[in-house]
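Notes for the structure review
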Amino acid sequence: MSQDWQQLNTDVIALLKEARQNVLQKMRAPLTVAEKTSRKDLVTNVDKANEKFLIEGIRRLDPDAQVLGEEGFGDQLTSLAGRVWIVDPIDGTMNFVKQQDNFAIMIGIYQDGVGQLGYIFDVMANVLYFGGPQLGGVWANDREIQAPADIALADGLIGASGPLVIHDVAHMQKIVHDSAGMRISGSAGIEIINIMKGETLGYISHLKPWDIAAGQVLMNTLGVRVSTIDGKPLNMLSSNLVLVATKKAQRDILQIEEDDVSL
């Protein structure tokens, strides 16, 4: 790893720790909550303030980079050329509003479309998961994480989006049935953490770039597959139906999709 990447990692960790303190401070006051696309798609004053804070920090650290942020305070991207930071200031806003728990701050750093560093900060647990190719591994605070066991779909729990299962999108009901059971956390970042901890073998949901940018870097570094539901690479500038899974579970899920096509 070059000195530049090492220093950048140190600076990002410091930025995220300060962002966490800002969020905790703002949680002491009443939240201002608004709907984006529906009553189940929320944004708060904290989402917006945290994105502004993070982007200002990124501009100082990496002034030539482009930034894609969920709340729109970054750049309008048409390409992943050069260095691109993808930011989710509060991942799991509904949890943040209703539970004040189970939400994360996330940053993914890409170079010419390839993930280099990823950060998922479980704010309430005060655990920062970070790593990527430029670090040669993944850490939870100061503890290096080992790759989760490569288990088959039948042998583990799977994280899933409730609406996908209810409406049986992409054979989700069979996928869940064939697994050991379904769990729903309401946050892509928390779902990725569950996979890193070996508590689940995968996760399926409709995700925007900021929902999966950091997680994709961490998962790829640990040998966990990230693809569309039919096994293709993600387009990091658009929404995707994303499958995150161990190699064996991905194989099992893709087989379910292929079996339906062949009927």
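Just so you know, these numbers come straight off a predicted model, no measurement behind them. (Residues numbered from 1 in each chain as written. Predicted model: local features only at pLDDT ≥ 70, side-chain atom pairs only at ≥ 80, totals over all residues. Heavy atoms only, no water.)

**Some details on the pattern of salt bridges**
Where we set the bar: Salt bridges are counted wherever a side-chain nitrogen of Lys or Arg sits within 4 Å of a carboxyl oxygen of Asp or Glu. By definition, any uninterrupted DSSP run of H or I lasting at least four residues is a helix, any uninterrupted run of E lasting at least two residues is a strand, and each is numbered from the N terminus. Three exposure classes are used, based on accessible area relative to the maximum for each residue type with a 1.4 Å probe and protein chains only: buried under 20%, partly exposed in between, and exposed over 50%.
Under the defined criterion, the tally for this structure stands at eight salt bridges. A salt bridge links Lys 36 to Glu 70; the nearest nitrogen and oxygen atoms lie 3.2 Å apart. With Lys 36 in strand β1 (residues 33–38) and Glu 70 in the loop between β3 (66–69) and β4 (83–91), the pair connects residues that are 34 residues apart, well separated along the chain. Judged by its relative accessible area of 34%, Lys 36 falls in the partly exposed class. Between Arg 83 and Asp 62 there is a salt bridge; the shortest N-O distance is 2.7 Å. In this pair, Arg 83 is assigned in strand β4 and Asp 62 in the loop between α2 (45–61) and β3, connecting sequence segments 21 residues apart. Taking relative accessible area as the criterion, Asp 62 reaches 9% and is therefore assigned buried.

**Examining the sheet that holds strand β7 (residues 127–132)**
Rules: For two strands to count as paired, DSSP must find a minimum of two bridges between them. Should any heavy atoms of two residues lie within 4.5 Å, those residues are considered in contact. To get an axis, fit a line to the C-alpha atoms, keeping to the stretch in contact for a helix; angles then go from 0 to 180 degrees between the N-to-C directions.
With respect to topology, seven strands assemble into an open sheet ordered β3-β4-β5-β6-β7-β8-β9, the strand pairing being mixed. The open sheet terminates on both sides in strands that have one partner only, identified here as β3 and β9 (143–144). Of the pairings in the sheet, the one linking β4 to strand β5 (residues 104–111) comprises seven bridges and is antiparallel in character. When the bridges of β5 are listed, Asp 88 appears paired with Met 106. Of the strands in this sheet, β3, β4 and β5 touch α2, which is tilted by about 155 degrees from β4. Strands in contact with helix α7 (residues 209–221) are β3, β4, β5, β6 (114–122), β7 and β8 (137–140); relative to β6, the strand with the most contacts, it is inclined by about 105 degrees.

**A look at the pairing of strand β2 (residues 41–44)**
Across four bridges, β1 lies against β2 in antiparallel orientation. Looking at the pairing, Ser 38 lines up with Asp 41 of β2.

**Thoughts on the sheet that holds strand β10 (residues 157–160)**
Taking strand neighbours across the sheet as the criterion, the five strands line up as β11-β10-β12-β14-β13 in an open arrangement whose pairing is mixed. Each end of this open sheet is capped by a strand with a single partner; those strands are β11 (181–183) and β13 (225–228). Neighbour-to-neighbour, the strand axes of the sheet open up by a mean angle of 20 degrees, direction not taken into account. When β10 meets strand β12 (residues 202–207), the two strands line up parallel, connected through three bridges. Considered in β12, the bridge of Ala 160 is made with Ile 204. Across the face of the sheet, helix α6 (residues 188–196) comes into contact with β10, β11, β12 and β14 (240–245) while running at roughly 160 degrees to β12.

**Quick notes on α7**
What counts, and what does not: What a helix should span is 1.5 Å times the count of its residues minus one. Here the bend at a residue is taken as the angle between two axes, fitted respectively to the seven residues that end there and the seven that start there.
When the terminal C-alpha atoms of α7 are compared, their 18 Å separation across 13 residues agrees well with the 18 Å that a helix rising 1.5 Å per residue should span. Its maximal kink placed at Gly 215, α7 deviates by approximately 30 degrees. In terms of burial, α7 is a largely internal element, 11 of the 13 residues being buried. Residues of α7 that are buried: Pro 209, Trp 210, Asp 211, Ile 212, Ala 213, Ala 214, Gly 215, Gln 216, Val 217, Leu 218 and Met 219. Phi turns positive, to about 80 degrees, at Gly 223, one or two residues after α7.

By themselves, these are just geometric observations and shouldn't be taken as functional.
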